[in-house]
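Below are the chains, spelled out letter by letter.
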Amino acid sequence: MLVLGALLSPGKRTMTACLRITGRAEVSNFAAYHQLLNRARWNPRTLAARLLSVIVARLVPEDPVVIGMDDTIERRWGQRITARGIYRDRLANSALHIIAIGRLRTDEKTKQYVARRVAAGHSKLDAIRALKRYIAREVFGIIIRRQKEVNQTRIVA
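Remember, it's a predicted structure, so these values are computed and weren't measured experimentally.

Asks: How should I be thinking about the pattern of salt bridges in this particular structure?
Replies: Any two side chains of opposite charge can pair, given that their charged atoms come close. A complete count under the given rule lists three salt bridges for this structure. With a shortest N-O distance of 3.3 Å, R146 and E149 are connected by a salt bridge. Linking R146 with E149, this pair stays in helix α7 (residues 124–152), spanning three residues, or about one helical turn. Classification of E149 by relative accessible area gives partly exposed; the value is 43%.

Asks: What is the right way to read the side chain of T110 from this model?
Replies: Position of T110 among the secondary structure elements: in helix α6 (residues 108–119). Given the relative accessible area of 5%, T110 is considered buried. Apart from residues no more than four positions distant in its own chain, T110 is found in contact with R103, L104 and L131.

Asks: Any chance you could explain a nonpolar patch on the surface here in plain terms?
Replies: A cluster of nonpolar side chains, namely L51, I55, L59, V60 and V65, defines an oily patch on the protein surface of about 400 Å² accessible area. With respect to the helices and strands, the residue V65 is situated in the loop between α4 (44–59) and α5 (90–106).

Asks: Looking at this structure, I do not really get the side chain of K132. What am I missing?
Replies: Structurally, K132 can be placed in helix α7. For K132, which is buried and forms no salt bridge, the nearest opposite charge comes from D126, at a distance of 10 Å. Setting aside chain neighbours within four positions, we find K132 in contact with N93, L96, H97 and A100.

Asks: Any chance you could explain the packing of α5 against α7 here in plain terms?
Replies: Helix packing for two helices is described by the angle between their axes and how far apart those axes are. For the pair α5 and α7, the least separation of the axes is 9 Å and the interaxial angle reads 110 degrees. Considered as vectors, α5 and α7 are oriented roughly perpendicular to each other. For the pair formed by α5 and α7, the contact residues are N93, L96, H97, I99, A100, I101, R103 and L104 on the first element and K124, I128, L131, K132, Y134, I135, A136 and E138 on the second. In terms of residue class, the contact of α5 with α7 is made up of ten nonpolar, two polar and four charged.

Conventions we followed
Residues numbered from 1 in each chain as written. Predicted model: local features only at pLDDT ≥ 70, side-chain atom pairs only at ≥ 80, totals over all residues. Heavy atoms only, no water. Salt bridge = Lys/Arg side-chain N within 4 Å of Asp/Glu carboxyl O. Helix = DSSP H or I, 4+ residues; strand = E, 2+ residues; numbered from the N terminus. Buried < 20%, exposed > 50% of the residue type's maximum accessible area, 1.4 Å probe, protein only. Contact = heavy atoms within 4.5 Å. Patch = residues over 30% accessible without salt bridge, like charges linked within 9 Å, V, L, I, M, F, W, Y side chains within 5 Å. Areas by Shrake-Rupley, 256 points an atom, 1.4 Å probe, with all protein chains shown as cover. Lys, Arg positive; Asp, Glu negative; His and termini not counted. Axes fitted to C-alpha atoms, helices over the stretch in contact; angles between N-to-C directions. Parallel < 35°, antiparallel > 145°, perpendicular 65-115°, else oblique. Nonpolar A, V, L, I, M, F, W, Y, C, P; charged D, E, K, R; others polar.

Here's what the structure looks like:
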């Protein structure tokens, strides 16, 4: 386990410790091993995958192992990220729900929109979800415009 920790955060001292733990301290070409480990680019995910395969092979050599992965725990952005997590903010969702219900009770265009969605075969709950997404985009646009206005104003002392 110490070797894994050292490989995940490579440094000169930890690389030397890895070599000593693995029994390479007495080898004549110790410096060559050290240079290889110290200069190599380590990918923690690849290392974790290899370590997992070794552990599974040792613990369960015969039976198949089924590992379920959940894409909703991914927190990074980028082109290579196929699925991202869905993080819910209860307070924001509650506020959007209150706005949506208020509009549904008072705004005629909102009533017509929900009626169209229900007539198209969607449930009323789905129509309200779509309405909340619309409101969220609308509020986000207002926030961004306001932020630009605030950033453009000069502070006079």
